[in-house]
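# Geometric and topological summary
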Amino acid sequence: MADPVTLYEVGPRDGLQNEKAQIATADKVRLVDLLSAACFRKIEVTSFVSPRWVPQMADAAEVMAGIHRANGVTYAVLTPNLRGFESALAAGADEVAIFASASEGFSMANLNCTIAESLERFAPVAAAAKDAGVPLRGYVSCVTDCPFDGPTPPASVARVTAALRDLGACEVSLGDTIGAGTPETVGAMLNAVMQELPPGHLAGHFHDTGGRALENIEVCLAAGLRTFDSAVGGLGGCPYAPGAEGNVATEAVADLMDRLGHPTGIDRARLSEAADFARTLRSPR
Ligand code: HMG
Ligand code: MG
């Protein structure tokens, strides 16, 4: 049998953050609970970001307080700054993520600062996470293409990955934010990034705008990556990335892993139930 693969479920955060109509806190909690029942080991629940920037995530503390925690599940959140980290800690987050960009245009649009400034801002978050014993995840966005700057040089992705590693990130998730990556550009990017961090510490995070997410995941698998982010029901999009459609659907990634013989531990019937519910939360497009 092939190696086990971790499906890192980001639907409740990446999937819902872009929804314009405010989703009831109870529905967000229900989605997370359905995902816990489907046996995910890693669930990104919400983000402690500015509610002025991402109004949909304004109830982060309430969502964290409402979920029913299952044994062995890591409930993770995004924390862009120390204030977000402190709120996340108070809410009992099991893992926090800092999120940088490989392109300057997206860094400005998403975090209102340059890449260098964002890394400076993340340093105290990383230090606080270390002191508190909370595992730190890092994201790099726009790993192949940026909606503002065009194609991203692989060396830029490698540089930001190394910076996140040096800050203490135990895993760096490589984000194809606008789903424009191809097997060729993803392969070239991985070649550069893997000079800095081995595949066991990397995750693939693909949006599926271009319909090539599954092919790109196969490229990552061949390179040795064993963790993939996805969103139940294919929810998703980033409010600061024009044209960013949904994350690759968890069901599709689970199908791919089944086909390739990589165990995921996911309860497929419960996953379908969660996906059906997730789709009801999406506003009509
Ligand atoms: P800013 O406007 O430069 O900074 O935002 P600020 O310090 O002036 O903060 C603005 C307001 O937010 C202030 O309130 C702060 O108090 C408040 P006001 O005075 O206007 O009333 N504030 C906060 N409130 C609650 N929690 C906080 C917090 N921080 C500030 N933690 C900032 C800078 C970083 C805060 C802002 O740009 C921000 O929150 N950005 C987050 C954007 C975001 O969440 N984007 C989506 C997630 S990233 C993504 O989706 C990509 C990913 O999926 C991977 C991929 O696909 O590539 C991860
Ligand atoms: Mg994303």
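The structure contained in this document is the topic of the report that follows. (Residues numbered from 1 in each chain as written. Chains lettered and ligands numbered in written order. Predicted model: local features only at pLDDT ≥ 70, side-chain atom pairs only at ≥ 80, totals over all residues. Heavy atoms only, no water.)

## Here we look at helix α4 (residues 82-90)
Along α4, the residues that are buried comprise Gly84, Phe85 and Ala88. Down the axis of α4, the sector holding all buried residues measures 100°, keeping them to one side. Turned more than 90 degrees off the buried face of α4, the exposed positions are Arg83 and Ala90. Looking at the packing, one finds that the buried side of α4 touches β3 (74-78), β4 (95-101) and α6 (115-132). (Buried < 20%, exposed > 50% of the residue type's maximum accessible area, 1.4 Å probe, protein only. Helix = DSSP H or I, 4+ residues; strand = E, 2+ residues; numbered from the N terminus. Arc of directions from axis to C-beta. Contact = heavy atoms within 4.5 Å.)

## Section: the site of ligand 1
With respect to spatial proximity, 27 residues lie near ligand 1, and among them Ser50, Arg52, Arg83, Ser141 and Thr177 are the closest. Between ligand 1 and arginine 83 there is a distance of 2.6 Å, counted from an oxygen atom to a side-chain nitrogen or oxygen. The side chain of threonine 177 places a nitrogen or oxygen atom 2.6 Å from an oxygen atom of ligand 1. For ligand 1, whose unbound accessible area comes to 1100 Å², protein coverage reaches 77%. Among the secondary structure elements, those contributing two or more residues to the shell around ligand 1 are α1 (11-15), α4, α5 (104-111) and β5 (136-141). (Near = heavy atom within 4 Å. Polar contact = N/O pair within 3.5 Å; in protein donor to acceptor, adjacent residues only side chain to side chain. Areas by Shrake-Rupley, 256 points an atom, 1.4 Å probe, with all protein chains shown as cover.)

## Topic: the sheet that holds strand β1 (residues 6-9)
Ordered in space as β1-β2-β3-β4-β5-β8-β9-β10, the eight strands form a closed barrel in which the pairing is parallel. Put simply, the sheet's adjacent strands are angled 25° from each other on average, direction ignored. Across the face of the sheet, helix α2 (residues 25-37) comes into contact with β1, β2 (42-47) and β3 while running at roughly 170° to β2. (Pairing = 2+ DSSP bridges. Axes fitted to C-alpha atoms, helices over the stretch in contact; angles between N-to-C directions.)

## Side note on the coordination of the magnesium ion (ligand 2)
Geometry reference: four tetrahedral donors at a metal, ideal angle 109.5 degrees. Six octahedral donors, ideal angles 90 or 180 degrees. Every protein donor of the magnesium ion (ligand 2) is accounted for by Asp14 (OD), His205 (NE2) and His207 (NE2), and the metal-donor separations fall at 2.1 to 2.3 Å. Of note, the donors binding the magnesium ion (ligand 2) are all from one chain and are spaced D-x190-H-x1-H. On the criterion of sequence distance, the pair formed by aspartate 14 in helix α1 and histidine 207 in the loop between β9 (202-206) and α9 (213-223) is long-range, its members being 193 residues apart. For the pair shown, aspartate 14 and histidine 207 are each scored as buried. (Donors = N, O, S within 2.8 Å, 3.2 Å for Na, K, Ca; no water.)

## Observations regarding helix α8 (residues 183-193)
Two residues of an α-helix separated by three or four positions point the same way, owing to the 3.6 residues in each turn. Those residues of α8 that fall on the buried side of the exposure criterion are Pro183, Val186, Gly187, Met189, Leu190, Ala192 and Val193. On its buried side, α8 packs onto α7 (154-167), β8 (171-176), β9 and α9.

## Examining a negative patch on the surface
On the surface, a cluster of negative charge is contributed by Glu104, Glu117, Glu120 and Asp149. Assignment of secondary structure puts glutamate 104 in helix α5. (Patch = residues over 30% accessible without salt bridge, like charges linked within 9 Å, V, L, I, M, F, W, Y side chains within 5 Å. Salt bridge = Lys/Arg side-chain N within 4 Å of Asp/Glu carboxyl O. Lys, Arg positive; Asp, Glu negative; His and termini not counted. Charge placed at Lys NZ, Arg CZ, Asp CG, Glu CD.)

## Side note on the packing of α9 against helix α10 (residues 250-260)
Contact pair α9 / α10: the axes reach a minimum separation of 11 Å and the direction vectors enclose 45°. Viewed along their axes, α9 and α10 adopt a mutual orientation that is oblique. The hand of the α9/α10 crossing is right-handed. Together, Leu214, Ile217, Glu218 and Leu221 of α9 and Ala252, Val253, Leu256, Met257 and Leu260 of α10 make up the contact between the two elements. (Parallel < 35°, antiparallel > 145°, perpendicular 65-115°, else oblique. Left-handed = near helix turned anticlockwise from the far one by under 90°.)

## Concerning the nonpolar core
Considering soluble globular proteins, one finds that nonpolar side chains tend to be buried as a cluster. Ranked by internal contacts, the top residues of the largest apolar core, which has 84 residues, are Leu31, Val96 and Leu174. Among the elements that make up this core, the one with the highest residue count is α6 (six residues). Setting aside chain neighbours within four positions, we find leucine 31 in contact with Pro12, Leu16, Val232, Leu235, Ala274, Phe277, Ala278 and Leu281. (Core = buried A, V, L, I, M, F, W, Y, C linked by side-chain atoms within 4.5 Å.)

## Topic: the packing of α2 against helix α11 (residues 268-280)
Packing of α2 against α11 brings their axes to within 8 Å, and their N-to-C directions diverge by 165°. As summarised for this structure, α2 and α11 are arranged roughly antiparallel, according to the angle between their axes. Between α2 and α11 the crossing geometry is left-handed. Contact residues: Asp27, Arg30, Leu31, Leu34, Leu35 and Ala37 in α2; Arg270, Glu273, Ala274, Phe277 and Ala278 in α11. A breakdown of the residues in the contact of α2 with α11 according to their chemical character gives seven nonpolar, no polar and four charged. (Nonpolar A, V, L, I, M, F, W, Y, C, P; charged D, E, K, R; others polar.)

## Here we look at the pattern of salt bridges
If you walk through the whole model with that rule in mind, you get 15 salt bridges. With a closest N to O distance of 3.4 Å, aspartate 14 and arginine 13 form a salt bridge. Note on aspartate 14: relative accessible area 3%, which makes it buried. Note that arginine 137 and aspartate 229 form a salt bridge whose closest N and O atoms lie 2.8 Å from each other. Remark: aspartate 229 occurs in strand β10 (residues 227-230) and arginine 137 occurs in strand β5; sequence separation between them is 92 residues. A single burial state applies to arginine 137 and to aspartate 229, both of which are buried. A single network of salt bridges, built from pairs that share partners, joins Arg13, Asp14 and Glu44.

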